[in-house]
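Listed here are the chains, written in short residue letters.
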Amino acid sequence: MAEKNLILAFETSCDETSVAVVENGTKILSNIVATQIDSHQRFGGVVPEVASRHHIEWITRCTDQALAEANVSYDDLAGVAVTYGPGLVGSLLIGVTAAKSTAWAHHLPLIPVNHMTGHLYAARYVGEFKYPQMALLVSGGHTELVYMKSEHEFEIIGETRDDAAGEAYDKIGRVLGVNYPAGKTIDEWAAKGKDTFHFPRAMEKEDNFDFSFSGLKSAFINTVHNADQRGEKLNKYDLAASFQQSVVDVLAEKTMRALDQYPVKQLILAGGVAANHGLRSRLDHDMQKYHPDVTMLQAPLKLCGDNAAMIGAAGYMDYEHGDRAKLDLNAEPGLMYSEKK
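Structural notes, computed from the coordinates.

What counts, and at which threshold
Residues numbered from 1 in each chain as written. Predicted model: local features only at pLDDT ≥ 70, side-chain atom pairs only at ≥ 80, totals over all residues. Heavy atoms only, no water. Pairing = 2+ DSSP bridges. Helix = DSSP H or I, 4+ residues; strand = E, 2+ residues; numbered from the N terminus. Axes fitted to C-alpha atoms, helices over the stretch in contact; angles between N-to-C directions. Contact = heavy atoms within 4.5 Å. Parallel < 35°, antiparallel > 145°, perpendicular 65-115°, else oblique. Nonpolar A, V, L, I, M, F, W, Y, C, P; charged D, E, K, R; others polar. Buried < 20%, exposed > 50% of the residue type's maximum accessible area, 1.4 Å probe, protein only. Arc of directions from axis to C-beta. Right-handed = clockwise from strand over helix to strand, strands pointing away.

## Quick notes on the sheet that holds strand β3 (residues 27–35)
- In space, the 5 strands of this open sheet follow the order β3-β2-β1-β4-β5, with mixed pairing throughout. Bordering the open sheet on either side are β3 and β5 (110–114), each of which pairs with just one other strand. Pairs of neighbouring strands in the sheet enclose a mean axial angle of 20°, with direction left out of account.
- Inspection of the sheet shows strand β2 (residues 16–23) paired to β3 by 8 bridges, in the antiparallel sense. Bridge pairing in β3 places T17 opposite A34.
- Sheet strands in contact with helix α2 (residues 48–70) are β1 (6–11), β2 and β3, and its direction is about 25° off that of β2.
- Across the sheet, helix α10 (residues 308–320) touches β1, β2, β3, β4 (77–85) and β5, and the angle it forms with β1 is around 125°.

## Thoughts on the packing of helix α5 (residues 165–175) against helix α8 (residues 236–261)
- It is the contact of α5 with α8, at a shortest axis distance of 12 Å, that shows an interaxial angle of 170°. Classed by the angle they form, the pair α5 and α8 counts as roughly antiparallel. Across the interface between the two elements, A165, A168, Y169 and I172 of α5 pack against F243, Q244 and V247 of α8.
- Within the contact of α5 with α8, the residues separate by chemical class into 6 nonpolar, 1 polar and no charged.

## Observations concerning helix α6 (residues 183–190)
- Among the residues of α6, I186, D187, W189 and A190 are the ones counted as buried. Here the buried residues of α6 occupy an arc of 165° about the axis, which is enough to place them on one side.
- Buried residues along α6 sit in contact with α5, α8 and α9 (277–290).

## Let's talk about the environment of S139
- One can find S139 in the loop between β6 (133–138) and β7 (143–148).
- Taking the C-alpha atoms as reference points, S139 and D76, 63 residues apart in sequence, are found 33 Å from one another.
- The residues touching S139, leaving out its near neighbours within four places in the chain, are M116, A164, A165, G166, E167, G271, G272 and V273.

## Points about the side chain of D286
- For D286, the location among the structural elements is in helix α9.
- Overall, D286 belongs to the buried group, its relative accessible area being 5%.

## Comments concerning the pairing of strand β10 (residues 295–298)
- Looking at chain direction, strand β9 (residues 266–270) and β10 are connected through 4 bridges and run parallel. Across the sheet, Q266 pairs through a bridge with T295, a residue of β10.
- Handedness of the β-α-β unit built from β9, α9 and β10 comes out right-handed.

In structure tokens, the structure reads:
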């Protein structure tokens, strides 16, 4: 019988307090998520100080609940994994402090996890990873194409030069009067509209794998404001569809070109925006058409947002590779893939 390595994982990089217990990186025994959306909606986005205070209120309760739901004790654990970056520094510090305290008190190894690696490993719950591999990571703060020649080896081959895709969704949502986070509503509206505005596809044809969404955001906002000044009412469903089509076209085009240049066995789609039905559908279509021999693993919808189960999966991989942090581990809000603890 295979040995059970249980990882207690903490995730507090933004506005979700989450604690999970994961077995061998592939089985979720518990995944507790305390969301703060209601607290931040009236501000139109995440307020860092408010987020930090909520993490303090919830971290011990989430930990107790995660252990209870998994029916395990601290003595059953093999290690403690925690997101230490990137993210909001105040929020990260709460999770890092909780994880360090737990590791010290119960004599457990401390495993530092990159938040974006966590998103990638959310797809590990769908199927086994095969290398080499490409990942499209799309979230509120990041949009990246990551090439993995082998496990534990990451190379960012493309990233956003300004706004991340999820960030652009929230900003245009504000113009349309959609509460934060706007992604789900815009996705639903897009399904009811048509691409009638033909917004720009920035950098779509450039000879690189980078992204840019600030120009699209500006074009969208200017279109809406100009119509308001003329007293013209625009169809919100067509606006959403036009915006989303532009985002999806660029993401899909760059991803297909990356797969042309980097022969891989798998494509991973993960991150908060990976829950977007328009993007999932488009990539399904393009993969079957252009790269039928490459398997695509899409992170489960319930694990696209921030959660500790994904950190547990990534943490187990790091644990197996011997990654350990000392008790002076600190939050690193601007952490990059190339940096190791």
